[in-house]
Amino acid sequence: MPKEARPSTGEQAKQHALAQLRQAILHGEMAPAQRLVENELAEQFGVTRASIRAALIDLEAQGLVERIRNRGSRVRVVTVEEAVAITECRMVLEGLCAAKAATLASDEQLVELTELGTAMTKAVADGEPVTYSELNQELHAKVREFSGQQTAVDLLERLNAQLVRHRFQLALRPGRPQHSLNEHLAMIEAIRARDPQAAEAAARAHLTSVIEALRD
């Protein structure tokens, strides 16, 4: 939105600031524990401090920002223990989505998953962990989408947003992509076979592996 057309106050301004801040946090442009100064952010996004404050309150509710008494707001630091707890919740929801996708996905959607598996295999073979990580996230997003379970999707989007730093660190850990590739391929194969129990088990097995890696 051009600066001159961007609302500086009201709900639209808050939503603009919220979207920009959320994207910056999720893309790693704002690091964990980084202070979020309302005056600076208001100037950066061309909105009022009140709009920034309202956006920060929403981000706090989403688990992305924490407000510290007498010190303002900062990007929330998610500990390993919290990351494990979040992933345990993901395990249940991702398993549900995989089972639903095995039942509901169309033939065209199954082809999409197969193509993603092929691309992930190539990324690992070519030694491209960042590409693999991006494809990994795309695969999980597709499985959630194909599941048709919107409540689970909404919950997972909130949970996953809190794991950005840990997810990126795992993606760059030597040997991790090779280890997780077979787990993802097993999930794809179970969904393609339209076996909901096997798909759920594969998703849970993968996230159990993620928890073990987080604890290492």
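Refer to the preceding data block for the structure.
Residues numbered from 1 in each chain as written. Predicted model: local features only at pLDDT ≥ 70, side-chain atom pairs only at ≥ 80, totals over all residues. Heavy atoms only, no water.

> Can you lay out the layout of surface pockets for me, pointing to particular residues and giving the numbers?
Quantified by volume, the largest pocket comes out at close to 510 Å³. Lining the largest pocket are 16 residues, with L26, H27, Q137, V164 and R167 sitting closest to its centre. Element by element, the count of residues in the lining of the largest pocket is highest for helix α6 (residues 129–147), at six residues. What the second largest pocket holds in volume is close to 190 Å³. In terms of lining residues, the second largest pocket is bounded by 16 residues, among which I25, P32, V75, V164 and R165 are the most central. The element that contributes the greatest number of residues to the lining of the second largest pocket is helix α8 (residues 164–171), accounting for three residues. When grouped by side-chain class, the residues that make up the lining of the second largest pocket number ten nonpolar, four polar and two charged. (1 Å grid on protein atoms, 1.4 Å probe; cavity = no way out; pocket = protein on both sides within 12 Å on 5 of 7 lines; lining within 4 Å. Points joined across faces, edges and corners; volume = space filled by probe spheres on them. Helix = DSSP H or I, 4+ residues; strand = E, 2+ residues; numbered from the N terminus. Nonpolar A, V, L, I, M, F, W, Y, C, P; charged D, E, K, R; others polar.)

> So, the nonpolar core: which residues are in play, and what are the values?
With 40 residues, the main nonpolar core has A98, L113, L139, V143, M187 and I191 as its most contacted residues. Elements with a contribution of two residues or more to this core: α4 (80–104), α5 (107–125), α6, α7 (150–161), α9 (176–192) and α10 (196–215). A total of nine residues in this core trace back to one element, the largest contributor, which is α4. For M187, the contacting residues outside a window of four places in its chain are A98, L139, H140, V143, A199, A202 and A203. Within the second largest apolar cluster, 20 residues are counted, among which are L18, M30, L41 and A42. (Core = buried A, V, L, I, M, F, W, Y, C linked by side-chain atoms within 4.5 Å. Buried < 20%, exposed > 50% of the residue type's maximum accessible area, 1.4 Å probe, protein only. Contact = heavy atoms within 4.5 Å.)

> So, a nonpolar patch on the surface: which residues are in play, and what are the values?
A grouping of V130, F168 and L172 is seen on the molecular surface, where their side chains present a nonpolar patch of about 270 Å² in accessible area. Note that L172 resides in the loop between α8 and α9. (Patch = residues over 30% accessible without salt bridge, like charges linked within 9 Å, V, L, I, M, F, W, Y side chains within 5 Å. Areas by Shrake-Rupley, 256 points an atom, 1.4 Å probe, with all protein chains shown as cover. Salt bridge = Lys/Arg side-chain N within 4 Å of Asp/Glu carboxyl O.)

> Residues and numbers for the environment of S209, please.
On the secondary structure map, S209 appears in helix α10. Remark: the alpha-carbon pair of S209 and D154, spanning 55 residues in sequence, is separated by 23 Å. With residues near it in sequence (within four places) discarded, S209 still touches R176, H179 and E183. Within the structure, S209 has its side chain in polar contact with the side chain of H179 (distance 3.4 Å). (Polar contact = N/O pair within 3.5 Å; in protein donor to acceptor, adjacent residues only side chain to side chain.)

> So what about the pairing of strand β3 (residues 72–75)? Which residues, and what values?
Sheet topology places strand β1 (residues 35–36) next to β3; two bridges connect them, and they run antiparallel. Across the sheet, the residue bridging to L36 is S73, located in β3. Across four bridges, the pairing between strand β2 (residues 65–68) and β3 is antiparallel. Residue pairing across strands places E66 opposite R74, the latter belonging to β3. Between β2 and β3, which pair antiparallel and follow one another directly, the connecting turn spans three residues, one of which, N70, has a positive phi of 65°. (Pairing = 2+ DSSP bridges.)

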